[in-house]
Amino acid sequence: MDTKLSKLIAAETKRQDETLPLIASENFCSQATRAALGSVFVDKYAEGEPGKRYYAGNKVVDELERHVIKQLKDLFIPREADGVKIDKKDWYANVQPLSGSPANLAVYAALLKPGDTILAMSLTSGGHLSHGHAVTLPGQLYKIVNYEVDPKDNFLHYDQVLKLAKKVKPQLIIVGASAYPRILDFEQFGDIAKKVKAYLMADISHLAGLVAVQCHPSPFPYVDVVTSTTHKTLRGPRSAFIIARVELGDKIKRGVFPGVQGGPHLNQIAALSQALAEAKHPKFNAYIQRVIRNTQTLAQYLGEGGLKIITGGTDNHLLLVDITATGLNGRQAQEKLEKVGIIVNANTIPFDTGTPMQPSGIRLGTAAITTIGAHEKDIKVLAELILDVLLKRRPAKTVALEVKALRSKLKLVEDLEFATKD
Ligand code: DSN
(Lines give C-alpha, C1' and ligand atoms only; values in the text may rest on other atoms or scores of the structure.)
Protein backbone atom coordinates (compact mmCIF):
# COMPACT_ATOMS: atom_id res chain seq x y z
CA MET A 1 0.00 0.00 0.00
CA ASP A 2 1.14 3.57 -0.64
CA THR A 3 3.10 4.59 2.44
CA LYS A 4 1.33 7.89 2.89
CA LEU A 5 -2.07 6.20 2.53
CA SER A 6 -1.12 3.51 4.99
CA LYS A 7 -0.13 6.18 7.51
CA LEU A 8 -3.40 8.02 6.94
CA ILE A 9 -5.45 4.86 7.51
CA ALA A 10 -3.54 4.23 10.74
CA ALA A 11 -4.07 7.86 11.81
CA GLU A 12 -7.80 7.76 11.11
CA THR A 13 -8.12 4.42 12.92
CA LYS A 14 -6.39 5.95 15.95
CA ARG A 15 -8.61 9.03 15.79
CA GLN A 16 -11.74 6.89 15.66
CA ASP A 17 -10.45 4.68 18.49
CA GLU A 18 -9.70 7.61 20.78
CA THR A 19 -12.70 9.88 20.33
CA LEU A 20 -16.39 9.74 21.21
CA PRO A 21 -18.46 9.85 17.98
CA LEU A 22 -21.68 11.87 18.21
CA ILE A 23 -22.24 12.87 14.57
CA ALA A 24 -25.90 11.93 14.02
CA SER A 25 -25.33 10.87 10.41
CA GLU A 26 -22.40 8.55 11.14
CA ASN A 27 -22.11 4.99 12.36
CA PHE A 28 -19.65 2.09 12.34
CA CYS A 29 -20.59 -0.65 9.89
CA SER A 30 -19.74 -4.27 10.67
CA GLN A 31 -16.53 -5.97 9.54
CA ALA A 32 -18.62 -8.15 7.22
CA THR A 33 -20.13 -5.05 5.56
CA ARG A 34 -16.65 -3.59 5.19
CA ALA A 35 -15.40 -6.86 3.68
CA ALA A 36 -18.22 -6.78 1.11
CA LEU A 37 -17.26 -3.18 0.25
CA GLY A 38 -13.73 -4.35 -0.48
CA SER A 39 -14.83 -7.50 -2.33
CA VAL A 40 -14.39 -8.39 -6.01
CA PHE A 41 -17.64 -6.58 -6.81
CA VAL A 42 -15.60 -3.38 -6.74
CA ASP A 43 -14.15 -4.30 -10.15
CA LYS A 44 -17.29 -4.93 -12.22
CA TYR A 45 -19.29 -2.57 -14.40
CA ALA A 46 -23.03 -3.16 -14.72
CA GLU A 47 -24.88 -0.24 -16.30
CA GLY A 48 -28.52 -1.09 -16.75
CA GLU A 49 -30.66 -3.38 -14.65
CA PRO A 50 -30.59 -7.10 -13.85
CA GLY A 51 -31.13 -9.04 -17.10
CA LYS A 52 -30.66 -5.89 -19.22
CA ARG A 53 -27.06 -4.74 -18.97
CA TYR A 54 -24.84 -2.99 -21.45
CA TYR A 55 -21.78 -5.23 -20.86
CA ALA A 56 -21.24 -8.96 -20.57
CA GLY A 57 -20.20 -10.85 -17.46
CA ASN A 58 -23.13 -9.81 -15.32
CA LYS A 59 -24.69 -13.16 -14.41
CA VAL A 60 -23.51 -13.00 -10.81
CA VAL A 61 -24.16 -9.31 -10.26
CA ASP A 62 -27.67 -9.70 -11.70
CA GLU A 63 -28.30 -12.25 -8.98
CA LEU A 64 -26.74 -9.94 -6.39
CA GLU A 65 -28.87 -6.94 -7.35
CA ARG A 66 -32.10 -8.98 -7.45
CA HIS A 67 -31.27 -10.44 -4.04
CA VAL A 68 -30.65 -7.02 -2.46
CA ILE A 69 -33.85 -5.61 -3.96
CA LYS A 70 -35.78 -8.48 -2.37
CA GLN A 71 -34.02 -7.99 0.99
CA LEU A 72 -34.79 -4.26 0.86
CA LYS A 73 -38.48 -4.72 0.10
CA ASP A 74 -38.80 -7.45 2.74
CA LEU A 75 -37.27 -5.22 5.39
CA PHE A 76 -38.98 -1.93 4.65
CA ILE A 77 -42.38 -2.60 3.13
CA PRO A 78 -44.80 -3.65 5.86
CA ARG A 79 -47.49 -6.24 5.16
CA GLU A 80 -50.13 -3.77 6.28
CA ALA A 81 -50.55 -0.30 7.74
CA ASP A 82 -53.60 0.99 9.58
CA GLY A 83 -55.54 -2.10 8.55
CA VAL A 84 -54.71 -1.65 4.85
CA LYS A 85 -52.87 -4.57 3.21
CA ILE A 86 -49.70 -3.60 1.35
CA ASP A 87 -48.50 -5.72 -1.55
CA LYS A 88 -44.77 -5.61 -2.27
CA LYS A 89 -45.59 -6.09 -5.95
CA ASP A 90 -47.06 -2.60 -5.96
CA TRP A 91 -43.63 -1.14 -5.16
CA TYR A 92 -40.50 -0.75 -7.27
CA ALA A 93 -37.06 -0.68 -5.61
CA ASN A 94 -33.74 0.62 -6.90
CA VAL A 95 -30.49 0.00 -5.02
CA GLN A 96 -28.19 1.73 -7.50
CA PRO A 97 -28.07 5.33 -6.19
CA LEU A 98 -24.53 6.17 -5.14
CA SER A 99 -25.62 8.24 -2.15
CA GLY A 100 -28.48 10.31 -0.77
CA SER A 101 -28.19 13.49 -2.82
CA PRO A 102 -27.99 11.63 -6.19
CA ALA A 103 -30.96 9.48 -5.09
CA ASN A 104 -33.01 12.59 -4.40
CA LEU A 105 -31.88 14.25 -7.62
CA ALA A 106 -32.89 11.13 -9.57
CA VAL A 107 -36.40 11.36 -8.11
CA TYR A 108 -36.71 15.03 -9.06
CA ALA A 109 -35.42 14.23 -12.58
CA ALA A 110 -37.99 11.43 -12.83
CA LEU A 111 -41.06 13.27 -11.55
CA LEU A 112 -40.57 16.96 -12.26
CA LYS A 113 -39.92 19.45 -15.05
CA PRO A 114 -37.53 22.35 -14.50
CA GLY A 115 -39.50 25.18 -12.91
CA ASP A 116 -41.88 22.88 -11.00
CA THR A 117 -42.44 23.62 -7.33
CA ILE A 118 -41.04 21.53 -4.48
CA LEU A 119 -42.31 22.08 -0.94
CA ALA A 120 -39.71 20.93 1.61
CA MET A 121 -38.62 21.64 5.15
CA SER A 122 -36.16 24.52 5.48
CA LEU A 123 -32.58 23.78 6.42
CA THR A 124 -32.90 25.71 9.68
CA SER A 125 -36.04 23.81 10.67
CA GLY A 126 -34.09 20.57 10.19
CA GLY A 127 -34.39 19.85 6.45
CA HIS A 128 -31.57 18.73 4.18
CA LEU A 129 -29.49 20.58 1.59
CA SER A 130 -30.48 18.11 -1.14
CA HIS A 131 -34.15 19.05 -0.68
CA GLY A 132 -33.54 22.09 -2.85
CA HIS A 133 -31.41 24.54 -0.93
CA ALA A 134 -30.46 27.53 -3.08
CA VAL A 135 -26.80 26.46 -3.27
CA THR A 136 -27.67 23.08 -4.87
CA LEU A 137 -28.52 22.14 -8.47
CA PRO A 138 -32.17 21.30 -7.59
CA GLY A 139 -32.30 24.70 -5.89
CA GLN A 140 -31.56 26.23 -9.28
CA LEU A 141 -33.70 23.90 -11.40
CA TYR A 142 -36.91 24.01 -9.38
CA LYS A 143 -38.92 26.55 -7.47
CA ILE A 144 -38.35 25.68 -3.83
CA VAL A 145 -40.78 26.70 -1.11
CA ASN A 146 -39.97 25.85 2.50
CA TYR A 147 -42.21 24.92 5.36
CA GLU A 148 -40.95 25.58 8.87
CA VAL A 149 -41.45 24.20 12.34
CA ASP A 150 -43.65 26.32 14.60
CA PRO A 151 -41.62 29.13 16.24
CA LYS A 152 -43.34 28.59 19.61
CA ASP A 153 -42.43 24.94 20.20
CA ASN A 154 -40.19 24.02 17.23
CA PHE A 155 -42.49 21.11 16.34
CA LEU A 156 -44.00 20.63 12.89
CA HIS A 157 -47.63 21.77 12.82
CA TYR A 158 -49.32 19.91 9.99
CA ASP A 159 -52.13 22.43 9.57
CA GLN A 160 -49.48 25.05 8.74
CA VAL A 161 -47.89 22.76 6.13
CA LEU A 162 -51.32 22.15 4.58
CA LYS A 163 -52.07 25.86 4.45
CA LEU A 164 -48.78 26.54 2.66
CA ALA A 165 -49.25 23.58 0.30
CA LYS A 166 -52.69 24.90 -0.69
CA LYS A 167 -51.16 28.29 -1.37
CA VAL A 168 -48.15 27.22 -3.46
CA LYS A 169 -49.62 24.07 -5.11
CA PRO A 170 -46.36 22.11 -5.32
CA GLN A 171 -45.80 19.25 -7.75
CA LEU A 172 -43.69 17.48 -5.08
CA ILE A 173 -43.73 17.57 -1.28
CA ILE A 174 -40.74 16.24 0.63
CA VAL A 175 -40.99 14.95 4.17
CA GLY A 176 -37.63 14.19 5.69
CA ALA A 177 -35.00 15.85 7.82
CA SER A 178 -31.48 15.68 9.06
CA ALA A 179 -31.97 17.67 12.25
CA TYR A 180 -35.56 17.18 13.42
CA PRO A 181 -35.67 15.29 16.72
CA ARG A 182 -39.33 14.33 16.62
CA ILE A 183 -41.56 11.80 14.89
CA LEU A 184 -42.50 12.64 11.31
CA ASP A 185 -46.17 11.94 10.68
CA PHE A 186 -46.14 10.43 7.18
CA GLU A 187 -49.88 9.83 7.26
CA GLN A 188 -50.59 13.53 7.76
CA PHE A 189 -48.18 14.37 4.93
CA GLY A 190 -50.00 11.80 2.78
CA ASP A 191 -53.29 13.62 3.40
CA ILE A 192 -51.72 16.97 2.57
CA ALA A 193 -50.19 15.66 -0.68
CA LYS A 194 -53.51 14.12 -1.71
CA LYS A 195 -55.38 17.35 -1.02
CA VAL A 196 -53.07 19.37 -3.28
CA LYS A 197 -52.48 16.55 -5.80
CA ALA A 198 -48.71 16.55 -5.31
CA TYR A 199 -46.28 13.66 -5.32
CA LEU A 200 -45.01 12.87 -1.83
CA MET A 201 -41.43 11.77 -1.23
CA ALA A 202 -40.17 10.65 2.19
CA ASP A 203 -36.41 10.92 2.67
CA ILE A 204 -35.82 8.55 5.59
CA SER A 205 -32.00 8.71 5.47
CA HIS A 206 -31.68 9.48 9.16
CA LEU A 207 -34.54 7.28 10.28
CA ALA A 208 -33.95 4.18 8.13
CA GLY A 209 -32.77 1.99 11.01
CA LEU A 210 -35.70 3.09 13.17
CA VAL A 211 -38.23 2.57 10.38
CA ALA A 212 -36.77 -0.88 9.59
CA VAL A 213 -37.61 -2.12 13.08
CA GLN A 214 -40.86 -0.17 13.59
CA CYS A 215 -39.33 2.22 16.13
CA HIS A 216 -40.60 5.05 13.92
CA PRO A 217 -43.83 4.99 11.87
CA SER A 218 -43.41 3.69 8.33
CA PRO A 219 -43.89 5.99 5.34
CA PHE A 220 -45.73 3.14 3.53
CA PRO A 221 -48.31 3.35 2.07
CA TYR A 222 -48.76 7.10 2.45
CA VAL A 223 -46.02 8.22 0.09
CA ASP A 224 -45.23 7.83 -3.61
CA VAL A 225 -41.49 7.55 -3.17
CA VAL A 226 -39.08 6.74 -0.34
CA THR A 227 -35.40 7.61 -0.58
CA SER A 228 -32.73 6.82 1.95
CA THR A 229 -29.04 6.55 2.57
CA THR A 230 -27.90 3.34 4.20
CA HIS A 231 -25.01 4.33 6.46
CA LYS A 232 -26.69 6.23 9.26
CA THR A 233 -28.99 4.43 11.71
CA LEU A 234 -29.22 1.51 9.24
CA ARG A 235 -25.51 0.92 9.94
CA GLY A 236 -24.63 -0.09 6.38
CA PRO A 237 -22.20 1.14 3.71
CA ARG A 238 -22.18 4.61 2.19
CA SER A 239 -24.99 4.04 -0.32
CA ALA A 240 -28.66 4.77 -0.96
CA PHE A 241 -31.90 3.34 -2.29
CA ILE A 242 -35.23 4.41 -3.73
CA ILE A 243 -38.56 2.63 -3.33
CA ALA A 244 -41.45 3.99 -5.40
CA ARG A 245 -44.98 3.10 -6.43
CA VAL A 246 -44.58 0.55 -9.22
CA GLU A 247 -46.22 2.80 -11.79
CA LEU A 248 -43.40 5.32 -11.25
CA GLY A 249 -40.72 2.61 -11.51
CA ASP A 250 -39.67 3.18 -15.13
CA LYS A 251 -39.33 6.92 -14.63
CA ILE A 252 -37.31 6.45 -11.43
CA LYS A 253 -35.09 3.86 -13.11
CA ARG A 254 -34.28 6.27 -15.94
CA GLY A 255 -33.84 9.10 -13.43
CA VAL A 256 -31.10 7.10 -11.69
CA PHE A 257 -29.44 5.73 -14.83
CA PRO A 258 -28.73 7.34 -17.21
CA GLY A 259 -30.38 10.40 -15.63
CA VAL A 260 -27.91 11.30 -12.92
CA GLN A 261 -25.31 8.52 -12.80
CA GLY A 262 -23.50 5.79 -14.71
CA GLY A 263 -22.74 2.27 -13.54
CA PRO A 264 -23.82 1.27 -10.05
CA HIS A 265 -21.17 0.64 -7.40
CA LEU A 266 -21.70 -3.09 -7.02
CA ASN A 267 -19.48 -3.31 -3.97
CA GLN A 268 -21.81 -0.87 -2.20
CA ILE A 269 -24.78 -2.97 -3.27
CA ALA A 270 -23.06 -6.11 -1.93
CA ALA A 271 -22.32 -4.35 1.35
CA LEU A 272 -25.93 -3.20 1.56
CA SER A 273 -26.96 -6.85 1.33
CA GLN A 274 -24.94 -7.58 4.46
CA ALA A 275 -26.35 -4.57 6.33
CA LEU A 276 -29.93 -5.53 5.43
CA ALA A 277 -29.30 -9.07 6.69
CA GLU A 278 -27.99 -7.63 9.97
CA ALA A 279 -30.97 -5.28 10.27
CA LYS A 280 -33.36 -8.25 10.08
CA HIS A 281 -31.82 -9.80 13.17
CA PRO A 282 -33.80 -9.28 16.41
CA LYS A 283 -30.64 -7.84 17.99
CA PHE A 284 -30.80 -4.94 15.56
CA ASN A 285 -34.19 -4.04 16.97
CA ALA A 286 -32.69 -4.06 20.49
CA TYR A 287 -29.81 -1.93 19.19
CA ILE A 288 -32.16 0.71 17.77
CA GLN A 289 -34.19 0.78 20.98
CA ARG A 290 -30.97 1.41 22.87
CA VAL A 291 -30.00 4.19 20.43
CA ILE A 292 -33.29 5.95 21.18
CA ARG A 293 -32.95 5.41 24.95
CA ASN A 294 -29.39 6.76 24.81
CA THR A 295 -30.46 9.88 22.91
CA GLN A 296 -33.30 10.50 25.34
CA THR A 297 -30.94 10.03 28.29
CA LEU A 298 -28.43 12.44 26.76
CA ALA A 299 -31.17 15.03 26.15
CA GLN A 300 -32.41 14.63 29.73
CA TYR A 301 -28.99 15.08 31.39
CA LEU A 302 -27.92 17.94 29.13
CA GLY A 303 -31.26 19.64 29.78
CA GLU A 304 -31.00 19.13 33.55
CA GLY A 305 -27.44 20.48 33.35
CA GLY A 306 -28.75 23.76 31.98
CA LEU A 307 -28.60 23.42 28.18
CA LYS A 308 -31.59 24.25 26.01
CA ILE A 309 -32.79 21.18 24.11
CA ILE A 310 -34.78 22.07 20.99
CA THR A 311 -38.37 20.74 21.40
CA GLY A 312 -37.46 19.73 24.96
CA GLY A 313 -36.30 16.23 24.02
CA THR A 314 -36.20 13.68 21.25
CA ASP A 315 -38.09 10.71 19.79
CA ASN A 316 -35.25 9.42 17.65
CA HIS A 317 -31.48 9.04 17.36
CA LEU A 318 -30.56 12.74 17.48
CA LEU A 319 -31.01 15.87 19.51
CA LEU A 320 -30.42 19.50 18.81
CA VAL A 321 -29.03 21.88 21.43
CA ASP A 322 -29.37 25.65 21.38
CA ILE A 323 -26.14 26.76 22.99
CA THR A 324 -26.62 30.52 22.76
CA ALA A 325 -26.81 30.87 26.55
CA THR A 326 -23.29 29.42 26.97
CA GLY A 327 -21.87 32.43 25.13
CA LEU A 328 -20.48 30.15 22.42
CA ASN A 329 -21.70 29.67 18.88
CA GLY A 330 -22.08 26.18 17.42
CA ARG A 331 -18.72 26.25 15.68
CA GLN A 332 -16.89 27.27 18.86
CA ALA A 333 -18.72 24.56 20.81
CA GLN A 334 -17.83 21.97 18.16
CA GLU A 335 -14.17 22.98 18.32
CA LYS A 336 -14.01 23.01 22.12
CA LEU A 337 -15.59 19.58 22.27
CA GLU A 338 -13.27 18.22 19.58
CA LYS A 339 -10.26 19.41 21.61
CA VAL A 340 -11.25 17.01 24.40
CA GLY A 341 -12.18 14.20 21.97
CA ILE A 342 -15.95 14.58 21.70
CA ILE A 343 -16.98 14.78 18.03
CA VAL A 344 -20.20 16.70 17.25
CA ASN A 345 -21.31 19.04 14.51
CA ALA A 346 -22.29 22.69 14.65
CA ASN A 347 -25.86 22.98 13.40
CA THR A 348 -28.40 25.64 12.69
CA ILE A 349 -31.42 25.70 14.98
CA PRO A 350 -34.93 26.79 13.98
CA PHE A 351 -35.04 30.49 13.02
CA ASP A 352 -31.29 30.73 13.62
CA THR A 353 -29.91 34.23 13.53
CA GLY A 354 -26.40 32.88 12.92
CA THR A 355 -24.99 31.54 9.66
CA PRO A 356 -24.49 27.91 8.56
CA MET A 357 -20.76 28.34 9.38
CA GLN A 358 -21.47 30.07 12.72
CA PRO A 359 -24.81 28.62 13.76
CA SER A 360 -26.36 28.72 17.22
CA GLY A 361 -26.58 25.02 17.91
CA ILE A 362 -24.97 21.64 17.92
CA ARG A 363 -26.46 18.33 16.78
CA LEU A 364 -25.73 15.14 18.69
CA GLY A 365 -26.58 11.58 17.69
CA THR A 366 -26.05 8.28 19.48
CA ALA A 367 -26.16 5.67 16.67
CA ALA A 368 -22.35 5.34 16.44
CA ILE A 369 -21.61 5.45 20.15
CA THR A 370 -24.29 2.81 20.75
CA THR A 371 -22.69 0.58 18.10
CA ILE A 372 -19.50 0.62 20.16
CA GLY A 373 -21.45 -0.40 23.23
CA ALA A 374 -22.46 2.76 25.11
CA HIS A 375 -25.19 2.25 27.69
CA GLU A 376 -27.19 4.77 29.66
CA LYS A 377 -24.56 4.91 32.44
CA ASP A 378 -21.90 5.82 29.86
CA ILE A 379 -24.23 8.43 28.38
CA LYS A 380 -24.62 10.01 31.80
CA VAL A 381 -20.82 10.30 32.10
CA LEU A 382 -20.67 11.67 28.55
CA ALA A 383 -23.34 14.30 29.32
CA GLU A 384 -21.35 15.52 32.34
CA LEU A 385 -18.21 15.79 30.19
CA ILE A 386 -20.08 17.82 27.55
CA LEU A 387 -21.45 20.10 30.26
CA ASP A 388 -17.95 20.48 31.74
CA VAL A 389 -16.71 21.78 28.38
CA LEU A 390 -19.63 23.95 27.31
CA LEU A 391 -20.23 25.49 30.76
CA LYS A 392 -16.48 25.74 31.42
CA ARG A 393 -16.87 23.79 34.66
CA ARG A 394 -13.54 21.91 34.56
CA PRO A 395 -10.23 22.31 32.72
CA ALA A 396 -10.15 20.84 29.21
CA LYS A 397 -7.10 18.72 30.07
CA THR A 398 -8.94 16.90 32.87
CA VAL A 399 -11.99 16.36 30.69
CA ALA A 400 -9.83 15.03 27.83
CA LEU A 401 -8.35 12.36 30.12
CA GLU A 402 -11.83 11.25 31.17
CA VAL A 403 -12.99 11.16 27.54
CA LYS A 404 -10.07 8.83 26.79
CA ALA A 405 -10.97 6.64 29.75
CA LEU A 406 -14.61 6.39 28.65
CA ARG A 407 -13.63 5.70 25.02
CA SER A 408 -11.23 2.93 26.04
CA LYS A 409 -14.15 1.05 27.62
CA LEU A 410 -16.08 1.05 24.32
CA LYS A 411 -15.45 -1.13 21.27
CA LEU A 412 -17.22 -2.33 18.15
CA VAL A 413 -19.24 -5.41 19.07
CA GLU A 414 -19.73 -7.35 15.89
CA ASP A 415 -22.75 -9.42 16.74
CA LEU A 416 -24.67 -6.56 18.36
CA GLU A 417 -24.56 -8.57 21.59
CA PHE A 418 -24.22 -5.30 23.52
CA ALA A 419 -27.71 -4.34 22.53
CA THR A 420 -29.23 -6.98 24.75
CA LYS A 421 -26.89 -6.63 27.74
CA ASP A 422 -27.18 -4.11 30.54
N1 DSN B 1 -24.26 14.80 6.46
C2 DSN B 1 -25.50 14.09 6.52
C3 DSN B 1 -26.41 14.68 7.54
O4 DSN B 1 -25.88 15.23 8.46
O5 DSN B 1 -27.60 14.56 7.47
C6 DSN B 1 -26.13 13.96 5.20
O7 DSN B 1 -25.86 15.04 4.41
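Here the structure is a predicted model, which means the values were calculated and not measured.

### Considerations on a negative patch on the surface
- Where like charges cluster on the molecular surface, the negative patch consists of Glu80, Asp82, Glu187 and Asp191.
- One can find Asp191 in helix α7 (residues 186-196).
- Classification of Asp191 as partly exposed rests on a relative accessible area of 41%.

### Considering unusual backbone geometry
- For the bond running from Phe220 to Pro221, omega is 5°, close enough to zero to count as cis.
- Topologically, Pro221 is positioned in the loop between α8 (208-212) and β11 (225-229).
- The residue after Phe257, namely Pro258, is reached through a cis peptide bond having omega 5°.
- We note that Asn154 has phi near 65°; this positive angle belongs to a residue other than glycine.
- Here Asn154 falls in the buried class, since its relative accessible area comes to 14%.
- Although it is not a glycine, Thr311 adopts a positive phi angle of roughly 70°.

### Things to note about the site of the ligand
- All residues in the neighbourhood of the ligand are listed as Ser25, His128, Ser178, His206, Lys232 and Arg363.
- Between the ligand and the protein, one listed contact pairs an oxygen atom with a side-chain N or O atom of Ser25 at 3.1 Å.
- His128 places a polar side-chain atom, nitrogen or oxygen, 2.6 Å from an oxygen atom of the ligand.

### A closer look at the packing of helix α12 (residues 330-340) against helix α14 (residues 376-390)
- Remark: α12 packs on α14, axes separated minimally by 10 Å, with the N-to-C direction vectors making an angle of 120°. Here α12 is positioned oblique relative to α14, judged by the angle of their axes. The way α12 lies across α14 gives a crossing that is right-handed. Seen from α12, the contacting residues are Ala333, Lys336, Leu337 and Val340; seen from α14, they are Ile386, Val389 and Leu390.

### Remarks on the pairing of strand β17 (residues 361-365)
- Burial analysis of β17 places five of its five residues in the buried class, which makes it a mostly covered element.
- Burial along β17 is two-sided: the face carrying Gly361, Arg363 and Gly365 and the face carrying Ile362 and Leu364 are both buried.
- With three bridges connecting them, strand β16 (residues 345-347) and β17 associate as antiparallel partners. If you follow Ala346 over to β17, its bridge partner there is Ile362.

### Focus: the environment of Arg245
- Locating Arg245 in the fold gives a position in strand β12 (residues 240-245).
- Through-space distance from the C-alpha of Arg245 to that of Thr13 is 42 Å; in sequence the pair is 232 residues apart.
- Other than its neighbours up to four places away in sequence, Arg245 contacts Asp90, Trp91, Tyr92, Pro221, Tyr222, Val223 and Asp224.
- Here the side chain of Arg245 touches Val223 through a polar contact of 3.0 Å, landing on its backbone oxygen.

### Here's the deal with the sheet that holds β11
- In spatial order, the strands read β6-β12-β11-β10-β9-β7-β8; together these seven strands make up an open sheet with mixed pairing. At either margin of the open sheet sits one strand with a lone partner, and together these are β6 (91-94) and β8 (143-147). The mean inter-strand angle of the sheet, taken between neighbouring strand axes irrespective of direction, is 20°.
- Relative to β12, β11 runs antiparallel, the two being bridged by five bridges. Across the sheet, Thr227 pairs through a bridge with Ile242, a residue of β12.
- Along the sheet face, α7 touches β8, β9 (172-176) and β10 (199-203) and points at about 175° away from the line of β9.

### Here's the deal with the sheet that holds strand β13 (residues 308-309)
- The strand order across the open sheet formed by four strands is β13-β14-β17-β16, and the pairing between neighbours is antiparallel. Of all strands in the sheet, those with a lone pairing partner are β13 and β16, marking the two edges.
- Those strands touched by helix α11 (residues 282-304) are β13, β14 (318-322) and β17, and its axis lies near 15° from that of β14.

### Re helix α6 (residues 158-168)
- Along α6, the positions that sit buried rather than exposed are Tyr158, Val161, Leu162, Ala165 and Val168. Summarising the axial view, the buried residues of α6 lie within an arc of 145°, below the 170-degree limit, and thus occupy one face. In α6, the exposed residues that point more than 90 degrees away from the buried face are Asp159, Lys163 and Lys167.
- Contact partners of the buried residues in α6: β7 (117-121), β8, β9 and α7.
- Lys169 occupies a position one or two residues after α6 and carries a positive phi of about 45°.

### A short note on the pattern of salt bridges
- The final tally for this structure, using the stated rule, is 20 salt bridges.
- With a closest N to O distance of 3.9 Å, Asp74 and Lys88 form a salt bridge. Taken as a pair, Asp74 in helix α3 (residues 59-76) and Lys88 in the loop between β5 (84-85) and β6 lie far apart in primary sequence, 14 residues in all.
- Since its relative accessible area comes to 25%, Lys88 is described here as partly exposed.
- Connected through shared salt-bridge partners, Glu384, Asp388, Arg393, Arg394 and Glu402 make up one network.

About the thresholds
- Residues numbered from 1 in each chain as written.
- Predicted model: local features only at pLDDT ≥ 70, side-chain atom pairs only at ≥ 80, totals over all residues.
- Heavy atoms only, no water.
- Patch = residues over 30% accessible without salt bridge, like charges linked within 9 Å, V, L, I, M, F, W, Y side chains within 5 Å.
- Areas by Shrake-Rupley, 256 points an atom, 1.4 Å probe, with all protein chains shown as cover.
- Salt bridge = Lys/Arg side-chain N within 4 Å of Asp/Glu carboxyl O.
- Lys, Arg positive; Asp, Glu negative; His and termini not counted.
- Charge placed at Lys NZ, Arg CZ, Asp CG, Glu CD.
- Helix = DSSP H or I, 4+ residues; strand = E, 2+ residues; numbered from the N terminus.
- Buried < 20%, exposed > 50% of the residue type's maximum accessible area, 1.4 Å probe, protein only.
- Near = heavy atom within 4 Å.
- Polar contact = N/O pair within 3.5 Å; in protein donor to acceptor, adjacent residues only side chain to side chain.
- Axes fitted to C-alpha atoms, helices over the stretch in contact; angles between N-to-C directions.
- Parallel < 35°, antiparallel > 145°, perpendicular 65-115°, else oblique.
- Left-handed = near helix turned anticlockwise from the far one by under 90°.
- Contact = heavy atoms within 4.5 Å.
- Pairing = 2+ DSSP bridges.
- Arc of directions from axis to C-beta.

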